[in-house]
Every structure is written in structure tokens, then in C-alpha cells.
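Working through the structure, step by step
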Amino acid sequence: AQSVAQPEDQVNVAEGNPLTVKCTYSVSGNPYLFWYVQYPNRGLQFLLKYITGDNLVKGSYGFEAEFNKSQTSFHLKKPSALVSDSALYFCAVRPLTSGTYKYIFGTGTRLKVLA
Amino acid sequence: DTAVSQTPKYLVTQMGNDKSIKCEQNLGHDTMYWYKQDSKKFLKIMFSYNNKELIINETVPNRFSPKSPDKAHLNLHINSLELGDSAVYFCASSLPSGNTDTQYFGPGTRLTVL
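Residues numbered from 1 in each chain as written. Chains lettered and ligands numbered in written order. Predicted model: local features only at pLDDT ≥ 70, side-chain atom pairs only at ≥ 80, totals over all residues. Heavy atoms only, no water.

1. Things to note about the environment of A:E66
Residues and elements named next belong to chain A. Mapped onto the secondary structure, E66 falls in strand β8 (residues 64–68). A relative accessible area of 37% means that E66 is categorised as partly exposed. For E66 and R110, which are 44 residues apart along the polypeptide, the C-alpha to C-alpha distance reads 19 Å. Discounting residues that sit within four places of it in the chain, E66 has contacts with N55, L56, S73, F74, H75 and K77. At 3.5 Å, the side chain of E66 forms a polar contact with the side chain of K77. (Helix = DSSP H or I, 4+ residues; strand = E, 2+ residues; numbered from the N terminus. Buried < 20%, exposed > 50% of the residue type's maximum accessible area, 1.4 Å probe, protein only. Contact = heavy atoms within 4.5 Å. Polar contact = N/O pair within 3.5 Å; in protein donor to acceptor, adjacent residues only side chain to side chain.)

What follows is the structure in C-alpha cells.
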């Protein structure tokens, strides 16, 4: 079965430190990969995506993600965390073999940046 | 200029009632979705429409019926509401061709069934 795993329910990091939010996937073929962020009582907002090309993708608010095909991972990173980055982060995958526009979301990781 | 809008934002109702949630997008997208986010924040796709045609139906009870009168609208009607239907429902849209394959989400509708 196709799936997306975010192994950490919560990640705590001190402000100014680098952060990593992990995502691995189990999908056949070469899927599209996404990160979304959800602030309290809001809908999800797009951060970045990997379609093809350079394995390091840069996105909004200083976030970047590294695609690793051999490890089927797409970890979200930021060199220096801000308190305002505290939110719920979702990794998502769109398999290209299904023929339908189906996205599979991970279970979400709550990021807490401490001042 | 709201890209994806949903109404109502909050919906509180009794078990057994029928209710509808409306969604509209002004992005010119071809594909629209309904997602359910439960109390643990798990996000699960329910339906997807492409050009008013149903393309994904994810084992959702048939009490849930989506309706797409045109490409810009995807409404969700729920019959005989149950306690377990309490959740936040998100509408989203995308233009899944080429590199513009990004989903845009509405603000959500918090449904509480008493």
C-alpha cells in the first residue's frame, strides 16, 4: 500500500537553531513530493514541492527540502528556526501512476520553536 | 481576494440532521477536493472532482454526497449526521497539469455533531 510516514509527532527546537522535519514515503514510480504548513485554525498552505531536477528544493519562509531517492525521503529543513515557524507540518505525495489526482498526506509533525 | 472559500466556517448540529458545506475557488482550477481532518489532525482525502466529474471516492459512507455544479464549485452534502462526522472539512483545488500541481486549501469548516 502506498503511504507517507512522518515518524515524529512533535519536534522541539530552540529559536535560531537548525530544524529538520522528517518524511519518508512508500510509493511506486517517481511521485511529486510536497510540504504544507498548517497554522492554528487555518487551512493548509503550500511550502514547497519536488517534481524533478535538483534534489534540494527551496520554498517559502526560508524552508528547503532534500529529496533522497535511494532513501525515499523528503526531509524539510530550515537553517535557523523562528518562533513564528511553530505550526503543524504535513508531507504529501502524489503518485503519478494512479492516473487520478490523488494526494497522500502524512500524519503531520507539530513543530515547536522555543524562544 | 480569497482563492478557495468555504461556508460556513462553523457548523453545529444535532445527530440525524442533514447539512451542506459549500466550496468555491476563483483560481480557474480544474480539480477540486474534499478532505476530512479528525481530532488528531490526520488528513484524509474523501472526494476529488475534475471538470465536474468524480474521479476519487475514498470509501466514504454514502451519507456523504459531493456535488459539483461547475468547475469552480464543489459542495458537500451530509445526510443523517453521526457523532463521528465531527471534524474539520477542508476543500482544496489544483491544476494538476505540468508544474502547477499544487493544492490550495480553503480555511476549513469545523463541523460539530451533538
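2. Here we look at the sheet that holds strand β3 (residues 19–25) of chain B
Residue and element names in this part refer to chain B. Sheet architecture is open: four strands sit in the order β1-β3-β8-β7, paired in antiparallel fashion. Of all strands in the sheet, those with a lone pairing partner are β1 (4–7) and β7 (64–70), marking the two edges. The sheet shows a mean angle of 20° between the axes of neighbouring strands, taken without regard to direction. As paired strands, β1 and β3 are joined by four bridges and run antiparallel to one another. Across the sheet, residue T7 finds its bridge partner in β3, namely K22. (Pairing = 2+ DSSP bridges. Axes fitted to C-alpha atoms, helices over the stretch in contact; angles between N-to-C directions.)

3. Quick look at the state of the cysteines
Residue and element names in this part refer to chain A. Applying the stated rule across the entire model yields two disulfides over all chains. Paired by a disulfide, C23 and C91 hold their sulfur atoms 2.0 Å apart. Its S-S torsion of about -65° marks the bond between C23 and C91 as left-handed, since a negative value means left-handed. Placement of C23 in the loop between β3 (19–21) and β4 (24–26) and of C91 in strand β10 (residues 87–94) is noted, with a sequence separation of 68 residues between them. (Disulfide = S-S within 2.5 Å.)

4. Some words on unusual backbone geometry
Residue and element names in this part refer to chain B. Following T7, the chain continues to P8 via a peptide bond in cis, the omega torsion being -5°. Tracing the backbone through its elements, the reader meets P8 in the loop between β1 and β2 (10–13). Positioned with a positive phi, N51 is a non-glycine residue whose angle comes to about 50°. Looking at the element boundaries, N51 is found in the loop between β5 (43–50) and β6 (53–57). One non-glycine residue, S80, lies in positive phi territory at about 45°.

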